[in-house]
Amino acid sequence: TESKTSVARGSLIILEGLDRSGKSSQCAKLVSYLQGKGLSVEAWRFPDRTTVIGQMISSYLSNESHLDDKVIHLLFSANRWEKRALMESKLTSGTTLIVDRYSYSGVAFSAAKGLDFQWCKAPEEGLIAPDLVLYLDIPPEKAAERGGYGTERYEKLEFQKKVAEHYYALRDSSWEVVDGCLKMESVEEQLREIAMNCISKCQNGKPLVN
Ligand code: DGP
Ligand code: NA
Ligand code: NA
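- Looking at an unreviewed UniProt entry, one finds the protein named Thymidylate kinase, with Carex littledalei as its source organism.
- What the UniProt record of the protein gives under Sequence similarities (unreviewed entry) is the line "Belongs to the thymidylate kinase family."
- Under the heading Pathway (unreviewed entry), UniProt records this for the protein: "Pyrimidine metabolism; dTTP biosynthesis."

## Describing the coordination of the sodium ion (ligand 2)
Consideration 1: Only Asp19 (OD) and Glu155 (OE) from the protein coordinate the sodium ion (ligand 2), and they sit 2.7 to 2.8 Å from it.
Consideration 2: In this structure, the sodium ion (ligand 2) is positioned 4.5 Å from the sodium ion (ligand 3). Of this pair, Asp19 sits in the loop between β1 (12-17) and α1 (23-36) while Glu155 sits in the loop between α7 (140-145) and α8 (157-170), placing them 136 residues apart in sequence.
Consideration 3: Judged by its relative accessible area of 18%, Glu155 is buried.

## Details of the pattern of salt bridges
Consideration 1: Under the defined criterion, the tally for this structure stands at 15 salt bridges.
Consideration 2: In this structure, Glu188 engages Lys29 in a salt bridge whose closest nitrogen and oxygen atoms are separated by 3.9 Å. One end of the pair, Glu188, is in helix α9 (residues 184-203); the other, Lys29, is in helix α1, and 159 residues separate them in sequence.
Consideration 3: On the basis of relative accessibility, which here comes to 15%, the residue Glu188 falls in the buried class.
Consideration 4: When its relative accessible area of 26% is taken as the criterion, Lys29 is described as partly exposed.
Consideration 5: Across the salt bridge formed by Asp131 and Lys206, the nearest N and O atoms sit 2.8 Å from each other.

## What about unusual backbone geometry?
Consideration 1: Pro47 follows Phe46 through a cis peptide bond whose omega is -5°.
Consideration 2: Within the secondary structure, Pro47 is located in the loop between β2 (41-45) and α2 (52-61).
Consideration 3: With a phi close to 70°, Arg20 is a non-glycine residue in the positive phi region.
Consideration 4: Structurally, the position occupied by Arg20 is in the loop between β1 and α1.
Consideration 5: Non-glycine residue Asn63 carries a positive phi angle of around 60°.
Consideration 6: Note that Asn63 resides in the loop between α2 and α3 (69-81).
Consideration 7: Under the relative-accessibility criterion, Asn63 is labelled partly exposed at 35%.

Thresholds, definitions, all that
- Residues numbered from 1 in each chain as written.
- Chains lettered and ligands numbered in written order.
- Predicted model: local features only at pLDDT ≥ 70, side-chain atom pairs only at ≥ 80, totals over all residues.
- Heavy atoms only, no water.
- UniProt positions renumbered as here; feature names shortened; annotations may be inferred.
- Donors = N, O, S within 2.8 Å, 3.2 Å for Na, K, Ca; no water.
- Helix = DSSP H or I, 4+ residues; strand = E, 2+ residues; numbered from the N terminus.
- Buried < 20%, exposed > 50% of the residue type's maximum accessible area, 1.4 Å probe, protein only.
- Salt bridge = Lys/Arg side-chain N within 4 Å of Asp/Glu carboxyl O.

Structure (structure tokens):
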């Protein structure tokens with residue numbers, strides 16, 4: 001019989017926040033910091049625009065195509081489902097994933113259009129539960145001021161206000177809210193500390209759940 005050394009599992013760490021909350025650049029900084037510590041860490045993002053489903057989402061977001069609200073909701077969810085198996089194997093083999101957006105975006109953005117909250121949550125059930133959600137908290141007005149929004153479908157102040165309300169309704173015990181209005185270095189510092197704590201808990205046997 002072969003002896004198998006059990007590998008400490010990686011952590012599933014999600015960054016969430018409104019458009020222009022600074023989330024994507026903080027993800028990149030956090031990943032390089034953790035890699036610099038010698039940890040096995042990968043940067044992921046949803047939507048993952050590289051897949052066939054991701055290309056449909058991308059074309060919807062840039063207003064090149066129009067889809068029914070429920071159809072696009074399910075495509076965003078399917079885009080997470082198509083990465084689920086890979087996600088699980090990365091985590092169990094010891095790699096930590098820092099993920100720019102996940103199911104919380106899925107629910108908050110669709111509920112902001114007026115879709116039923118519970119209906120929005122249903123297709124997310126069974127995806128891997130995050131160990132930590134880092135929410136970059138920034139008032140929608142402030143986000144809008146940051147060099148203005150781009151041209152993508154959801155980048156409008158009134159819509160982002162609704163998204164923020166739905167995000168608040170989604171907060172659970174895995175969330176850590178970080179003030180996204182602080183200077184970039186302080187945000188970076190806080191994210192590092194919270195993420196490092198989470199990674200050690202997972203390495204010390206905290207189980208992975210759906
Ligand atoms: P990003 O690539 O992170 O800039 O995200 C693109 C846009 O799509 C952004 O406005 C947030 C929105 N979004 C991300 N995930 C979902 C989702 O699962 N469902 C919906 N409806 N919108 C999402
Ligand atoms: Na965006
Ligand atoms: Na982003």
